[in-house]
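This is what each chain is made of:
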Amino acid sequence: MPKMVVLSQTGQELHEITLADSVFGIEPNQQCIFDAIVMQRASTRQGTHDTKTRTEVRGGGRKPWRQKGTGRARQGSIRATQWRGGGIVFGPTPRSYSYKLNKKVRRLALKSVLSEKVAENAMSVVDKFELEAPKTKAFNEIIANINAPKKTLFVVSEGEDFENAFLSMRNIPTMMMLTADGINVYDIVNANKIVFTEAAVKDVEEALA
């Protein structure tokens, strides 16, 4: 079973915890990770694209020339699809790109990316984030103490008092903070390192074990 040293905000080693093997120590399933990322990115698409059909294009109410006797092909409207300025055939219309994956696939993908981060030594655990007031300078000191690189994802527990830590962190580029129930495959893969609080580790294990 994987073990992790719990650090303090100052970077001191406090004690060691054992991570759940069923969450942080499985063999990663790359197909589930791929499916989860594609699903998540598809769900963020706006889908507001829209083209006008011949019924929506302005003009073209009059028949351009009579039906017979001109020698030309018959035409009913200058806004038909073959005309310049006419309507678009089978063009994109507003739609939602979101879809769902099976719950077991989503859970397996989440456990797979967490296990990958542990195997790559790209995860660490802090006892808590506790700041007296919102100060970005104070949080930058914590980042230096725990050796958090750029694009670090901080995961906290919903029951913790992390408001000052969040307000201090949000001005720092490429850094992100989520609660344990809000972690997702894309943000974990996109991060160079994940830093959990000890309480957040327990929340994730309870949810996914």
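Rules used in this analysis
- Residues numbered from 1 in each chain as written.
- Predicted model: local features only at pLDDT ≥ 70, side-chain atom pairs only at ≥ 80, totals over all residues.
- Heavy atoms only, no water.
- UniProt positions renumbered as here; feature names shortened; annotations may be inferred.
- Domains from an automatic or database assignment.
- Buried < 20%, exposed > 50% of the residue type's maximum accessible area, 1.4 Å probe, protein only.
- Helix = DSSP H or I, 4+ residues; strand = E, 2+ residues; numbered from the N terminus.
- Arc of directions from axis to C-beta.
- Salt bridge = Lys/Arg side-chain N within 4 Å of Asp/Glu carboxyl O.
- Pairing = 2+ DSSP bridges.
- Axes fitted to C-alpha atoms, helices over the stretch in contact; angles between N-to-C directions.
- Contact = heavy atoms within 4.5 Å.

If you check an unreviewed UniProt entry, the chain appears there as Large ribosomal subunit protein uL4 from [Eubacterium] hominis. Per its UniProt entry, the chain bears the Sequence similarities (unreviewed entry) comment "Belongs to the universal ribosomal protein uL4 family."

### Section: the domain arrangement of the chain
Frequently, the measure chosen for interface size is the accessible area that the parts lose on association. Partitioning the chain into structural domains gives domain 1 (1–44 + 99–206) and domain 2 (47–93). A C-alpha centroid distance of 55 Å is found between domain 1 and domain 2.

### Description of helix α7 (residues 198–208)
What α7 keeps buried is the set Glu198, Ala200, Val201, Val204, Glu205 and Leu208. The arc that holds the buried residues of α7, viewed along the axis, is 160°, so those residues lie on one side. Exposed and facing more than 90 degrees away from the buried side of α7 are Lys202 and Glu206.

### Observations regarding the pattern of salt bridges
The tally for this structure, following the rule as stated, stands at 1 salt bridge. A salt bridge links Lys128 to Glu130, with the shortest nitrogen-to-oxygen separation between them at 3.5 Å.

### Observations regarding unusual backbone geometry
A positive phi is found at Asn121, a non-glycine position, where the angle reads about 55°. Counting through the fold element by element, Asn121 comes out in the loop between α3 (103–119) and β3 (123–126). Non-glycine residue Thr174 carries a positive phi angle of around 70°. When you line up the elements, Thr174 lands in the loop between α5 (163–169) and β5 (176–179).

### Re the pairing of strand β6 (residues 193–197)
Most of β6 sits out of view: 5 of its 5 residues are buried. Burial along β6 is two-sided: the residues Lys193, Val195 and Thr197 and Ile194 and Phe196 are all buried. The pairing of β3 with β6 spans 4 bridges and is parallel. Residue pairing across strands places Val126 opposite Thr197, the latter belonging to β6. Taken together, the 4 bridges between strand β4 (residues 152–156) and β6 define a ladder with parallel strand orientation. The residue of β6 that forms the bridge with Val155 is Phe196.

### Details of the sheet that holds β6
If you walk across this open sheet you meet the 6 strands as β2-β1-β3-β6-β4-β5, and the pairing is mixed. Both outer strands of the open sheet, β2 (13–18) and β5, are each paired with one neighbouring strand and no more. Pairs of neighbouring strands in the sheet enclose a mean axial angle of 30°, with direction left out of account. For strand β1 (residues 3–7) and β3, the ladder comprises 2 bridges, and the chain directions are parallel. Paired with Val6 across the bridge in β3 is Val125. Most of the contacts of α3 go to β6, to which it runs at about 100°, and overall it touches β1, β3 and β6.

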